[in-house]
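The lines below spell out each chain.
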Amino acid sequence: MSNLANEVKPTKQFLMINGEKVETTKYAPLYSPYSGEEIAQIAMADKHLTVQAITAAYEARGVMVKMPAYQRAEILENVVALLKEKAAEAAEVISRESAKPIMFAKAEVARTIETYKFAAEEAKRIHGETIPFDAAAGGVGRIGYTLREPIGVIGAITPFNFPMNLVAHKVGPAIAAGNTIVLKPASQTPLSALFIAEIFEEAGLPAGALNVVTGPGGTVGDAIVEDDRVSMVTFTGSPSVGIGIRNKAGLKKTTLELGSNAALIIDKDIDIDSIIDRCIMGAFSNQGQVCISLQRVYAHEEVYEEFVSKFTEAAKKLKIGDPLDPDTYISALISRGEAERVLGWIEESKGSNATIAAGGKLQDGVLEPTIITDADHSLKISCQEAFAPVVVVNKVRSVEEAIEQVNDSRFGLQAGIYTNNVKNALFASQELHVGGVIINDVPTYRVDQMPYGGVKESGTGREGIKYAVEEMTELKLVVWNQG
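Cut-offs and rules
Residues numbered from 1 in each chain as written. Predicted model: local features only at pLDDT ≥ 70, side-chain atom pairs only at ≥ 80, totals over all residues. Heavy atoms only, no water. Helix = DSSP H or I, 4+ residues; strand = E, 2+ residues; numbered from the N terminus. Buried < 20%, exposed > 50% of the residue type's maximum accessible area, 1.4 Å probe, protein only. Contact = heavy atoms within 4.5 Å. 1 Å grid on protein atoms, 1.4 Å probe; cavity = no way out; pocket = protein on both sides within 12 Å on 5 of 7 lines; lining within 4 Å. Points joined across faces, edges and corners; volume = space filled by probe spheres on them. Nonpolar A, V, L, I, M, F, W, Y, C, P; charged D, E, K, R; others polar. Core = buried A, V, L, I, M, F, W, Y, C linked by side-chain atoms within 4.5 Å. Pairing = 2+ DSSP bridges. Axes fitted to C-alpha atoms, helices over the stretch in contact; angles between N-to-C directions. Parallel < 35°, antiparallel > 145°, perpendicular 65-115°, else oblique.

Draft legend 1. Geometry of the side chain of Thr115. When you line up the elements, Thr115 lands in helix 5 (residues 102–122). Judged by its relative accessible area of 0%, Thr115 is buried. When residues no more than four places from it in sequence are discounted, the contact partners of Thr115 are Asn165, Ala168, His169, Asp448 and Ile465.

What follows is the structure, given as structure tokens:
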């Protein structure tokens, strides 16, 4: 392995509670997923410290509720400006803690800046509507309108795969709406969250409005979910954890983004050369560790062989290695255990007569981009979420058959279809049982202002700044009797 990832000495990281750095009695080493070297010592919070963070957020509610929209927007604009100045440093933080190739880490920082910019703009657009009370006989002589008010303390639990931008998708709209937050980042990627917390402090966010608590999910996460002072929990992660949160949350509002095994349909009329680069990005960016990573492809029998040949050829050219090397496209999965899990799934597919068209093994500890054909639908690699650089490509006779295969899944986040047939595009948009249908692009497409969320085991609620603000506010009705 290269020495690019071995240049930073481990640093001691603290909790961020009520605007202050807080030490703990226990610290745990954080290791680089690529080099295996220790990169930081992370504070491990207990239940008492988590409750302290919730108390800080609860007591800061009054300050945030009274803060005018323009001031909330200014703070978020300050974050945008500061993050632009520190973009290179932010990308390196992401790359070191998650092994995300630096080219994708830089792209994530750019998206994070855009996400906070959207949040700043949405802070000025939170409003209700007037109600035509005289539409009812009993409403004559009355006028009324709705208001949107902050929900209160938001517990945010974020994943490792987009450690800066998925924090922004929770923190940005929460601040825009006038809420306070207790944030628990993923255990492998706390540095990005702590980095952003310091930027918010510099940007002028009041003490207690954003608190970052690092530590085990069973301690920190459970304390957040079970505390009655927390009004909403927003979580991105696995279905099993999300279901557990829903069961423990009681009457709290929950937004759960729980993953997928996203699929793409390729119709018979498509120029295959024109879509290969997008399919490579959709399948292999960030090592496939994306909730809408392209995992299943259903290609029409007339273009199937050509697609498999050209897709495989392109995948074999991707550079594997150190995430800090600017030419690296594929680096290590988030942990060795994850790599071993996926290798087990690949071996299972071999045992059922599937074909490994590319990859399928480790290269210097990095899982090669892997393409599997003729895989049975019941295999783990087909029906579960791989969260790895692995794609299953199967042949279909029609768009109708492909849609049936796509829908035969416990997940339903996003799906894509490439077609030049308007009828097939409209049919797919109606029949695909997913939260988002992407026409003439991969299911991995996302911009940060669009509504984002799924059906079935892919979760509940929607992210995307405007839509997250709606989730993070309560609707209040005001009625005036003029008589």
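Draft legend 2. Up close: empty space enclosed by the protein. For the structure on display, the rule yields five cavities of 30 Å³ or more. One number sums up the size of the largest cavity: a volume of about 50 Å³. Considering the residues around the largest cavity, the lining is formed by 13 residues, among which Gly288, Val290, Ser293, Gln295 and Phe387 are closest to the centre. Tallied by class, the residues present in the lining of the largest cavity amount to seven nonpolar, five polar and one charged.

Draft legend 3. Broad picture of the nonpolar core. If you look at the biggest cluster of nonpolar residues, it comprises 58 residues, and the most contacted ones within it are Leu83, Tyr116, Val171, Leu183 and Phe200. Those residues in contact with Val171, other than ones at most four positions away along the chain, are Tyr116, Ile181, Leu183, Phe200 and Leu210. With 35 residues, the next largest nonpolar core counts Ala99, Ile320, Ile330 and Val366 among its residues.

Draft legend 4. Highlighting helix 8 (residues 217–226). Among the residues of helix 8, Val220, Gly221, Ala223, Ile224 and Val225 are the ones counted as buried. On its buried side, helix 8 packs onto helix 1 (47–59), strand 8 (153–157), strand 9 (180–184), strand 11 (230–236) and helix 9 (239–248).

Draft legend 5. Up close: the layout of surface pockets. As a volume, the largest pocket reaches approximately 820 Å³. For the lining of the largest pocket, the secondary-structure elements that each account for two or more residues are helix 8, strand 11, helix 9 and helix 12 (336–351). When residues in the lining of the largest pocket are grouped by element, the largest group, seven residues, is from helix 9. Across the lining of the largest pocket, the residue classes tally to 17 nonpolar, 13 polar and eight charged. Roughly 520 Å³ of volume is contained in the second largest pocket. Taken together, 22 residues form the lining of the second largest pocket, with Gln13, Glu89, Val93, Leu191 and Phe195 sitting closest to its centre. Broken down by element, the lining of the second largest pocket gets its largest block of residues, six residues, from helix 7 (residues 190–203).

Draft legend 6. View of the sheet that holds strand 5 (residues 38–43). Taken in spatial order, the three strands make up an open sheet running 1-5-4, and their pairing is mixed. Each end of this open sheet is capped by a strand with a single partner; those strands are strand 1 (11–13) and strand 4 (27–31). Ignoring strand direction, the axes of neighbouring strands in this sheet form an average angle of 30 degrees. As paired elements, strand 4 and strand 5 share five bridges and run antiparallel to each other. In the sheet register, Tyr31 faces strand 5, and the bridge partner there is Glu38.

Draft legend 7. Layout of the packing of helix 4 (residues 87–98) against helix 7. Between helix 4 and helix 7, the least distance of the axes is 8 Å, while the angle of their chain directions is 155 degrees. In terms of their interaxial angle, helix 4 and helix 7 are classed as roughly antiparallel. Contacts between helix 4 and helix 7 involve Glu89, Ala90, Val93, Ile94 and Glu97 from the former and Pro190, Leu191, Ser192 and Phe195 from the latter. Counted by class, the contact of helix 4 with helix 7 contains six nonpolar, one polar and two charged residues.

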